[in-house]
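Summary of structural features
Given next are the chains, with one letter for each unit.
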Amino acid sequence: MSFDLEKIRKDFPILSTQMNGKPLVFLDSAASSQKPKSVIDTIRKYYEAENANIHRGVYYLSQKATEKYEMARIKTSRFIGAACAKVVIFTRNTTESINLVAQSWGRTNIHEGDEIVLTELEHHSNLVPWQMLAQEKQAVLKFIPLNQDSTLDLSNLDEIITERVKLVALAQMSNVTGTIHDLSAIIRRAREVGAKVLIDGAQGICHLPTNVQKEDFDFYAFSAHKMLGPTGVGILYAKEEILDTMPPWMGGGDMISKVWKDKSTYADLPARLEAGTPNISGVIGFGAALEYLESVGMQEIRNHELELLQYALDRLEDFGGLELYGTDDLNKRGGVVSFNFPGVHPHDVGSILDEEGIAIRVGHHCAQPFMDFKGIAGTCRASFYLYNTKEDVDSLLVGLKKVKEIFGRVLKR
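Residues numbered from 1 in each chain as written. Predicted model: local features only at pLDDT ≥ 70, side-chain atom pairs only at ≥ 80, totals over all residues. Heavy atoms only, no water.

Some details on the overall build of the protein chain
Helix and strand content of the protein chain: 14 helices and 17 strands. Relative to its length of 413 residues, the protein chain is compact, with a C-alpha radius of gyration of 22 Å against a globular reference of 22 Å. Expressed along its principal axes, the backbone C-alpha trace of the protein chain runs to roughly 75 × 55 × 35 Å. Across the 413 residues that make up the protein chain, the buried fraction comes to 54%. (Helix = DSSP H or I, 4+ residues; strand = E, 2+ residues; numbered from the N terminus. Rg over C-alpha atoms; globule rule 2.2 N^0.38 Å. Buried < 20%, exposed > 50% of the residue type's maximum accessible area, 1.4 Å probe, protein only.)

Structural data, given as structure tokens:
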């Protein structure tokens, strides 16, 4: 499939619906993307004609469901450039993937006085688990600071990532500002001191071509629901030699080899880290989402979003009076725009836009340390994906004009 925007939009049934009596303008894909008909149909087909539990059944339906589930694992490994399928662990979401690392690898390898390096721009999902682990183990959290344009200040990287650091954990792309971080310099420094690197790919994987082997990630966590797949499916990739050392973090069915009354032995990867019945339909649906993304092309999606991002930033700057957050360098940004109306609460902006059929996200975006850094309570966030158009941006600007009219302010340019 070449990048045919009109055709792509027809693949997403919800885009032809209305919200509050107005045509839907969906600008909240950073929270959760919409789903193409192929994904919806795949999930429906599973429940209508293929529904069975996996891995343990000898009958046809169970074997068929198992085959499709494991094929989705293979598709995922290929999509991210992993060496093999068994290093792909299915979870519920990015949050659970990061917690899995914290509870399994972290409890085993982080000790008193060890240091974990984060950034001030992290989503709470890549902050709170490390706070909890540090408190339990009496470890130390350190932070790579930010420049005013929301890029990372790497000027003192050698002083921050020292021999005491055991893990560096940061996002590939910010969910607030769309900032795409320079991971290569950070990973290079981590290697010099023997630290592991975890990348929160929840935002990045949806928009950027990613190869976990070439980029040398030790851990990579992301979610299906931000990349055209269903909710309730998360993915953890880790290097095989690391996964081999990680003890189970949940006990139960399917993760065991042999169980006695007083002890158990555990299954090989990936089952050892996937206790219980998983989200079978969701994983199979995610396989269809990956096929769709590959048919469009991740670089084509990136190019489309950059065009939309430039158009949106130009229009918002011309609008005047808005506080915009993030770097001006589009090579360091994804399709996310955060802004504020001075004197107008983001929730008020979001409510007025909602009346016009425009869906954006408002609040602190699970990134309160960044809000503290900026001295604000929250922002308005518009985020783009492969199905958005310049007309969507135009609609946003029309909605913002209504906000200005309602509040009766002539905002300073």
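Description of the pairing of strand β14 (residues 336–340)
Counting buried positions along β14 gives five out of five residues, so the element sits mostly inside the fold. Side-chain alternation along β14 places V336, S338 and N340 on one buried face and V337 and F339 on a second face that is also buried. Of the strand pairs in this sheet, strand β13 (residues 323–325) and β14 are connected by three bridges, and their pairing is antiparallel. When the bridges of β14 are listed, Y325 appears paired with S338. With four bridges joining them, β14 and strand β17 (residues 379–383) adopt antiparallel strand pairing. Residue pairing in the sheet places V337 in a bridge with A382 of β17. (Pairing = 2+ DSSP bridges.)

Things to note about the sheet that holds strand β7 (residues 165–171)
What the seven strands build is an open sheet, ordered β4-β10-β9-β8-β7-β5-β6; its pairing is mixed. With partners counted over all chains shown, the strands left at the sheet margins are β4 (88–91) and β6 (140–144), one partner each. Averaged over all adjacent pairs, the angle separating strand axes in this sheet is 20°, with direction ignored. Strands β4, β9 (219–223) and β10 (234–238) of the sheet are contacted by helix α3 (residues 60–80), whose axis makes an angle of about 120° with β4. (Axes fitted to C-alpha atoms, helices over the stretch in contact; angles between N-to-C directions. Contact = heavy atoms within 4.5 Å.)

Let's talk about a negative patch on the surface
Taken together, D149, D314, E317, D318 and D328 make up a surface patch of like negative charges. Within the secondary structure, D149 sits in the loop between β6 and α6 (157–160). (Patch = residues over 30% accessible without salt bridge, like charges linked within 9 Å, V, L, I, M, F, W, Y side chains within 5 Å. Areas by Shrake-Rupley, 256 points an atom, 1.4 Å probe, with all protein chains shown as cover. Salt bridge = Lys/Arg side-chain N within 4 Å of Asp/Glu carboxyl O. Lys, Arg positive; Asp, Glu negative; His and termini not counted. Charge placed at Lys NZ, Arg CZ, Asp CG, Glu CD.)

Quick notes on helix α5 (residues 128–137)
Among all positions of α5, only P129, W130, L133 and A134 are buried. Looking straight down α5, one finds its buried side chains confined to an arc of 130°; they lie on one side. Buried residues along α5 sit against α4 (94–109), β5 (115–119), β6, β7 and β8 (196–200). Count one or two residues on from α5 and you reach Q138, which has phi positive near 60°. (Arc of directions from axis to C-beta.)

Focus: the nonpolar core
In this structure, W130, F219, M227 and L386 are the most contacted members of the largest nonpolar core, which totals 96 residues. For this core, the leading source of residues is helix α10 (residues 280–296), giving ten residues. Residues contacting F219, with those up to four places away along its chain left out, are V101, W105, L167, K196, V197, L198, I199, L236, Y237, A238, I242 and M246. In this structure, V25, V337, F384 and L396 belong to the second largest nonpolar core, which totals 28 residues. (Core = buried A, V, L, I, M, F, W, Y, C linked by side-chain atoms within 4.5 Å.)

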